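# Observations on the three-dimensional arrangement
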Amino acid sequence: MSAPAAVAVRTEPRITGLTTRLITVPLRRSWGVEAPENHVIVTEIHTDDGGAGHGFSWTPTIGPQAVKALLDYDIAPFVTGLPAHPETVWDAVWKRLHEAGGGGLTTIAMAGVDLALWDLQASRANTSVTGLLGQRQESAEVYGSGVNLHYSLEELVAQTERWIAAGHQAVKIKVGKPDIREDAERVAAVRSVLGPDRKLMIDANQRWDLPTTLKALDVLAGFGLEWLEEPIRADDLWAYRRLRKHSPVPIALGENLHTIYRFRDFIEAEAVDIIQPNIIRVGGITPFRRIVELARTNSIKVMPHLLPELSGQLALTLAEPTLVEDVEEASFEQLGILAGPSPVRFSNSRVTLTNQPGLGFRFADAR
């Protein structure tokens, strides 16, 4: 009897190197004195079969050099030699870095590796990351968003008029002026321009405490708000639990939660109606997908935070329609840092794919 034929076992290519470079780009419309620019840490992973994956990490203000240093000195040596599988690498790196913090700069840095590995996987399959993960939506609605608390009332109204002209049916503005009466004047002006049928969201960016938030809602809830975003320090689960019990407006948060465990804590405490994970801040596509499934099993809506060219791609993989946030003139394409076409197209307040392989991000040389 002849011996059975050997069965070839497919082995995952292994990582041979990780390189990074930092791009700092001034915003076309400043987000205020605290955030006049954005920082992108471009990542490239190479494998032993000649493959290459392209990704990035991002931070608007704090720590771009620290993120780059984590990637260069702690992550790159550790991932070299590992199989180039996104989820396997993510779990291993998170355990490795955990003593430096379970989230924050650690997960922001990890996103650069995770995105590059998903780009590599999709490119090998000659499809987009959206196609690799399974596209469930042909397009997603985009809402107009502005970092505009420093705008005058006239500037805010003009921005709202631009959003309407662009076809947006939903917009978001900042609140948190020292005098709630000024917030009320600004929200009233925007609602007047929008009319009664378009959606209006407000974001306080952690500027209030619980008593101030409740007082603000007494004044602002009557303007037909779709949600109130992150009014209190994001760490304060106790306050959010109490706020949601009394708020007439849905509560949204998540841009400053960095791990699935913190999202779980807020969801189990019944402290949130809508979660807004930032794909970079949670550590990339791998943890973002896990957080989405956690939300779905608890009937919580997911609205990705910022980065529309990335969030737009992932939004098309979600089982339920979502809104994609587009801060005015702040996309990578509008900032002029892409070396090629954008992986998505924005038209008539919808986002669709341009059907490039992988994630579709190629960044220009630093200026």
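Keep in mind that this is a model prediction, so the values were computed, not measured.

## Details of the pairing of strand E11 (residues 323-327)
- Of all five residues in E11, five are buried, a share of seventy percent or more.
- Burial along E11 is two-sided: Leu323, Glu325 and Val327 facing one way and Val324 and Asp326 facing the other are all buried.
- The sheet contact formed by strand E4 (residues 140-145) and E11 spans five bridges and is parallel. Within the sheet, the bridge partner assigned to Ser145 lies in E11 and is Val327.

## Notes on the nonpolar core
- Phe56, Ile75, Leu310, Phe332 and Phe363 are the most contacted members of the largest nonpolar core, which totals 98 residues.
- Of all the elements, helix H3 (residues 105-124) adds the most residues to this core, at eleven residues.
- Sequence-distant contacts of Ile75, that is, excluding residues within four places in its chain, are made with Leu18, Leu70, Val93, Leu97, Ala109, Met110 and Val113.

## With respect to the UniProt feature "domain: Mandelate racemase/muconate lactonizing enzyme C-terminal" (unreviewed entry) in the chain
- Using the residue numbers shown here, the UniProt feature "domain: Mandelate racemase/muconate lactonizing enzyme C-terminal" (unreviewed entry) corresponds to residues 153-250.
- From the first C-alpha to the last, residues 153-250 spans 25 Å; its make-up is 50% helix and 15% strand.

## Some details on the packing of aromatic side chains
- Scanning all chains against the criterion turns up ten aromatic pairs.
- Judged by centre distance (6.0 Å) and plane angle (75°), the rings of Phe332 and Phe361 are edge-to-face. Residue Phe332 is found in helix H12 (residues 332-335), and its partner Phe361 is found in the segment after strand E13 (350-353); the two are separated by 29 residues along the sequence. Of the two residues, Phe332 and Phe361, both sit in the buried class.
- The class for Phe361 is buried, based on a relative accessible area of 1%.
- Here the aromatic cluster, defined as three or more aromatic residues joined through ring pairs, consists of Phe56, Phe332, Phe361 and Phe363.

## Details of the sheet that holds strand E3 (residues 52-59)
- On the basis of which strands lie adjacent, the open sheet formed by three strands has the order E1-E2-E3 and antiparallel pairing. Each having just a single partner strand, strand E1 (15-26) and E3 make up the two edges of the open sheet. The average undirected angle you get between the axes of adjacent strands in this sheet is 20°.
- Bridge count between E1 and strand E2 (residues 37-47): eleven bridges; the pairing is antiparallel. Opposite Gly17, over in E2, you have His46 as the bridge partner.
- Sheet strands touched by helix H1 (residues 64-79): E1, E2 and E3. Its angle to E1, the strand with the most contacts, is close to 175°.

## Points about the layout of surface pockets
- Looking at the largest pocket, its volume works out to about 790 Å³.
- Lining the largest pocket are 32 residues, and of these Ala35, Val147, Asn205, Arg207 and Glu255 lie nearest its centre.
- Put simply, the parts of the chain that give the lining of the largest pocket at least two residues each are strand E5 (170-174) and E11.
- Partitioned by chemical class, the residues of the lining of the largest pocket number ten nonpolar, ten polar and twelve charged.
- Each pocket or cavity is described by its volume, and for the second largest pocket that value is around 370 Å³.
- If you go around the second largest pocket, you meet 24 residues; those closest to its centre are Lys301, Val302, Met303, Pro321 and Thr322.
- Mapped onto the lining of the second largest pocket, the elements with two or more residues apiece are E4, strand E7 (225-229), helix H10 (285-297) and strand E10 (301-302).

## Topic: the environment of Glu161
- Mapped onto the elements of the fold, Glu161 is located in helix H5 (residues 153-165).
- Taking the relative accessible area as the measure of exposure, Glu161 reaches 46% and is therefore partly exposed.
- On a C-alpha basis, the gap between Glu161 and His98 in space is 46 Å, while along the polypeptide they are 63 residues apart.

Definitions and limits used
- In this numbering scheme, every chain counts its residues from 1 along its sequence in written order.
- Where local features are concerned, this predicted model is filtered to residues with pLDDT of at least 70; where side-chain atom pairs are given and counted, the filter is 80 or more; whole-chain, interface and lining totals use all residues.
- Note: side-chain values were computed over all heavy atoms of the structure, leaving out hydrogens and water.
- Residue exposure (1.4 Å probe, protein chains only): buried if accessible area is under 20% of the type maximum, exposed if over 50%, otherwise partly exposed.
- Here a strand is any run of E in DSSP of at least two residues, a helix any run of H or I of at least four, and the numbering for each starts at the N terminus.
- The rule for pairing is simple: two strands pair if DSSP sees at least two bridges between them.
- Each nonpolar core is a collection of buried residues, namely Ala, Val, Leu, Ile, Met, Phe, Trp, Tyr and Cys, held together in the definition by side-chain atoms within 4.5 Å.
- Here a residue-residue contact requires only that any non-hydrogen atoms of the pair lie within 4.5 Å.
- UniProt positions are given in the numbering used here, feature names are shortened, and annotations may be inferred rather than shown by experiment.
- Working definition: rings of Phe, Tyr and Trp (its six-membered ring) pair if their centres are within 6.5 Å, and the pair is stacked with planes under 30 degrees apart, edge-to-face with planes over 60 apart, and tilted otherwise.
- Only the stretch in contact is used when a helix axis is fitted, and all axes are lines through C-alpha atoms; the angle between N-to-C directions ranges over 0 to 180 degrees.
- Grid points spaced at 1 Å and placed over the protein atoms alone form the basis of the search, with a cavity being a set where a 1.4 Å probe fits but cannot get out and a pocket an open set showing protein on both sides within 12 Å along at least five of seven lines. Lining residues have an atom within 4 Å of a point.
- Grid points are joined across faces, edges and corners, and a volume is the space filled by probe spheres set on the points.
- Only Asp, Glu, Lys and Arg are considered charged, only Ala, Val, Leu, Ile, Met, Phe, Trp, Tyr, Cys and Pro nonpolar, and every remaining residue, Gly among them, polar.

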